[in-house]
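Close look at the chain arrangement
Chain by chain, the residues run as shown.
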Amino acid sequence: MFAVALALRVAYAWLAIGPGATPSSDPATYDTVAWNLARGAGFSLDSAAGPYPTAFVPPLVPWITSLLYRVVGHQYFAAVLLQCVAGALVPLLLAALGGSLFGVTVGRWSGWLAAVHPLLVFFSGYLLTESMFCATLLLALLLSAEWVRAPRGGRALGAGLAWGVAALTRPTALLVPLIVALWAWKPLGLTVGPRDRLRQLALLLLGLAVVVGPWTLRNAIALRAFIPITTGAGGALMVANNPVTWDARSARGGASSASYQAALAGEFRGLNEVELDARARERTLAFMRSRAGEWPGVALAKLARFWRLGAEGGGTGAWQRPGSPLEPLRRLDPLLVWSVITLPFALWGVVRALRGGRRWFQALPLLVIGYFSMIAVVFFGSLRMRVPIEPLVLLF
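Let me sum up the structure you'll find in this document. (Residues numbered from 1 in each chain as written. Predicted model: local features only at pLDDT ≥ 70, side-chain atom pairs only at ≥ 80, totals over all residues. Heavy atoms only, no water.)

1. Notes on the overall build of the chain
In terms of helices and strands, the chain carries 19 helices and 2 strands. Its C-alpha radius of gyration of 21 Å places the chain within 12% of the 21 Å reference for a compact globule of 396 residues. Looking at the chain residue by residue over its 396 residues, the buried ones come to 52%. The long-range share in the chain, meaning contacts at least 24 apart out of those at least 6 apart in sequence, stands at 74%. Put simply, the chain shows about 17600 Å² of open surface, and 67% of that area lies on carbon and sulfur atoms. Once the 34 positive and 17 negative side-chain charges of the chain are each reduced to a mean point, those two points are 10 Å apart. (Helix = DSSP H or I, 4+ residues; strand = E, 2+ residues; numbered from the N terminus. Rg over C-alpha atoms; globule rule 2.2 N^0.38 Å. Buried < 20%, exposed > 50% of the residue type's maximum accessible area, 1.4 Å probe, protein only. Contact = heavy atoms within 4.5 Å. Areas by Shrake-Rupley, 256 points an atom, 1.4 Å probe, with all protein chains shown as cover. Lys, Arg positive; Asp, Glu negative; His and termini not counted. Charge placed at Lys NZ, Arg CZ, Asp CG, Glu CD.)

Now the structure itself:
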């Protein structure tokens, strides 16, 4: 399973991205931080005055990439191949999680589906958080499920540590342990006493704090502000909620950086990273409050984009680069074909799971899917936002 998954991802990266590719947009940010780490400039971004400390991106992917850069030098395609390896681990972790929740057969089938899933293959070809986050999220869910199956203090702590790693991969995982704690409350009460149940839940949260805490402390020292993981939320919120993404029919529910870029050149000019994040959040929340009556329609548009059946086009849906061997297939949308075939079975699987005798235990993936759908409602709907939960859809 691992060999097939890795071969597909490497082949896609080779044909669609190319060994001579250079990063742009978000991958360029991760690449810059990773290279600065590798050459001893710290966790930093570049400016005209030199590197400056940053918390704009979560630390795990740049840190792991920096270890690779120390060995091979500043080779972007090597970082892409590293993401292919992370993506190839996803089917194995999904098979283990499926076996724990639904049985060995479901685990095996879902693992093979994840190995060939076009969306998971596609996002393995970029220096982004998606592949690594899929892996760390599945690992945390697996350890959480195994902990609830056989509650022990050490298992609770281990699950919490895994959730900390997932949160440092992408900050949206930071609140998922609270969902896990609520999900685990009733099953734990069937096997352990009230005091031990509270103790194990406390160990779960302690594990999260042990991993995330040092990074938060680093941010407090380097940026002189309380930043649990990143400073990017305010900008992302503004890119997602502005007059273009609320009013323009073609862009509604998506993302547009026009307002944000105009603010960077105007009222946000000269602000440091922390001030910029706070100002962008403040301005966006004021905009959203002023048009609260339109929120239901915008929320539906975001969900429609989040659960779209086909590719988006542009940077998050082009299955090949211009001039690549795959260019003759540019009119083919593998995701649309995949979605039409698989999603009806996933919906039927949800119905079957909720009717079963172990419906609460097996509802964990569904709770996580619901949580990430709500994240999309707050920010924007896109395939990139959906990638982390796509393996969980395969379970059903």
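2. Concerning the pattern of salt bridges
A complete count under the given rule lists 11 salt bridges for this structure. Between Asp 26 and Arg 384 there is a salt bridge, with the nearest N and O atoms lying 2.7 Å from each other. Residue Asp 26 is located in helix α2 (residues 25–38), and its partner Arg 384 is located in helix α18 (residues 383–386); the two are separated by 358 residues in the primary sequence. With a closest N to O distance of 2.9 Å, Arg 384 and Glu 130 form a salt bridge. With a gap of 254 residues between them, Arg 384 in helix α18 and Glu 130 in helix α7 (residues 130–149) connect regions that are remote in the sequence. What makes Arg 384 partly exposed here is its relative accessible area of 21%. (Salt bridge = Lys/Arg side-chain N within 4 Å of Asp/Glu carboxyl O.)

3. Thoughts on the side chain of Arg 197
Locating Arg 197 in the fold gives a position in helix α10 (residues 194–223). Although Arg 197 lies buried, it forms no salt bridge, and the closest oppositely charged side chain, Asp 196, sits 9.3 Å away as judged by the N-O distance. A polar contact of 2.8 Å, which involves the side chain of Arg 197, links it to the backbone oxygen of Trp 185. Each residue touching Arg 197, except ones within four places of it in the same chain, is listed here: Trp 185, Leu 188, Gly 189 and Val 192. (Polar contact = N/O pair within 3.5 Å; in protein donor to acceptor, adjacent residues only side chain to side chain.)

4. Considerations on helix α14 (residues 273–290)
Its 18 residues give α14 an end-to-end C-alpha distance of 26 Å, which sits within 8% of 26 Å, the value for a rise of 1.5 Å per residue. Within the span of α14, buried status applies to Glu 273, Leu 276, Asp 277, Ala 280, Thr 284, Phe 287 and Met 288. End-on, the buried residues of α14 take up no more than an arc of 100 degrees, which puts them together on one face. Across α14 from its buried face, at more than 90 degrees, point the exposed residues Glu 282, Arg 289 and Ser 290. Buried-residue contacts for α14 involve β2 (52–53), α10, α11 (233–240), α12 (243–247), α13 (258–265) and α15 (295–306). (Expected span 1.5 Å × (residues − 1). Arc of directions from axis to C-beta.)

5. Topic: the packing of aromatic side chains
For any pair of aromatic rings, geometry is given as the distance between the ring centres together with the angle between the planes. Counted by the stated rule, this structure contains 13 aromatic pairs. Seen from their ring centres, Phe 122 and Phe 123 are 5.0 Å apart, and the 85 degrees between their planes marks the pair as edge-to-face. Judged by centre distance (5.9 Å) and plane angle (40 degrees), the ring pair of Trp 246 and Trp 295 falls under tilted. Within this pair, whereas Trp 246 is found in helix α12, its partner Trp 295 is found in helix α15, the two being separated by 49 residues in sequence. Taking NZ or CZ as reference, Arg 197 lies 3.7 Å from the ring centre of Trp 185, over its face. (Phe/Tyr/Trp six-rings, centres within 6.5 Å; stacked < 30°, edge-to-face > 60°. Lys NZ or Arg CZ within 6 Å of the ring centre and 35° of its normal.)

6. With respect to the side chain of Thr 136
Residue placement: Thr 136 occurs in helix α7. Within the structure, Thr 136 has its side chain in polar contact with the backbone oxygen of Phe 133 (distance 3.2 Å). Polar side-chain contacts of Thr 136 include one of 3.5 Å to the side chain of Thr 169. When residues no more than four places from it in sequence are discounted, the contact partners of Thr 136 are Leu 60, Val 165, Ala 166 and Thr 169.

7. A short note on the nonpolar core
Core analysis: the largest hydrophobic core is formed by 100 residues, its most contacted members being Leu 97, Leu 141, Trp 147, Trp 163, Val 180, Phe 372 and Leu 392. The greatest single-element share of this core, amounting to 12 residues, is contributed by α7. Setting aside residues up to four positions removed in sequence, Trp 163 forms contacts with Leu 137, Ala 140, Leu 141, Ser 144, Ala 173, Val 176, Pro 177, Val 180, Leu 204 and Leu 208. (Core = buried A, V, L, I, M, F, W, Y, C linked by side-chain atoms within 4.5 Å.)

8. Comments concerning the packing of helix α1 (residues 2–17) against helix α5 (residues 104–116)
Contact geometry for α1 and α5: axes closest at 8 Å, N-to-C directions at 15 degrees. The angle between α1 and α5 places the two elements in the roughly parallel class. Viewed along their axes, α1 and α5 form a crossing whose handedness is left-handed. Of the residues in α5, those in contact with Val 4, Ala 5, Leu 8 and Arg 9 of α1 are Trp 112, Ala 114, Ala 115 and Val 116. Looking at side-chain class alone, the contact of α1 with α5 contains 7 nonpolar, no polar and 1 charged residues. (Axes fitted to C-alpha atoms, helices over the stretch in contact; angles between N-to-C directions. Parallel < 35°, antiparallel > 145°, perpendicular 65-115°, else oblique. Left-handed = near helix turned anticlockwise from the far one by under 90°. Nonpolar A, V, L, I, M, F, W, Y, C, P; charged D, E, K, R; others polar.)

9. Remarks on the environment of Thr 191
Mapping Thr 191 onto the fold places it in the loop between α9 (176–189) and α10. Here the alpha-carbon distance between Thr 191 and Leu 204, two residues 13 residues apart in the chain, equals 17 Å.

10. Things to note about unusual backbone geometry
Located in the positive-phi region is Ser 25, a residue other than glycine, with phi close to 55 degrees. Looking at the element boundaries, Ser 25 is found in helix α2. You will see that Arg 224, though not glycine, has its phi angle at about 55 degrees, which is positive. In this structure, Arg 224 sits in the loop between α10 and α11.

11. What about the packing of α9 against helix α17 (residues 364–378)?
Orientation of α9 relative to α17, taken along the N-to-C sense of each, is 145 degrees, at an axis distance of 11 Å. In the crossing of α9 with α17, the sense of the turn from one axis to the other is right-handed. Each of Val 176, Ile 179, Val 180 and Trp 183 in α9 lies in contact with α17, whose residues at this interface are Leu 364, Leu 367, Val 368, Tyr 371 and Phe 372. In terms of residue class, the contact of α9 with α17 is made up of 9 nonpolar, no polar and no charged.

In short, the description is geometric, and any link to function would need to be established separately.
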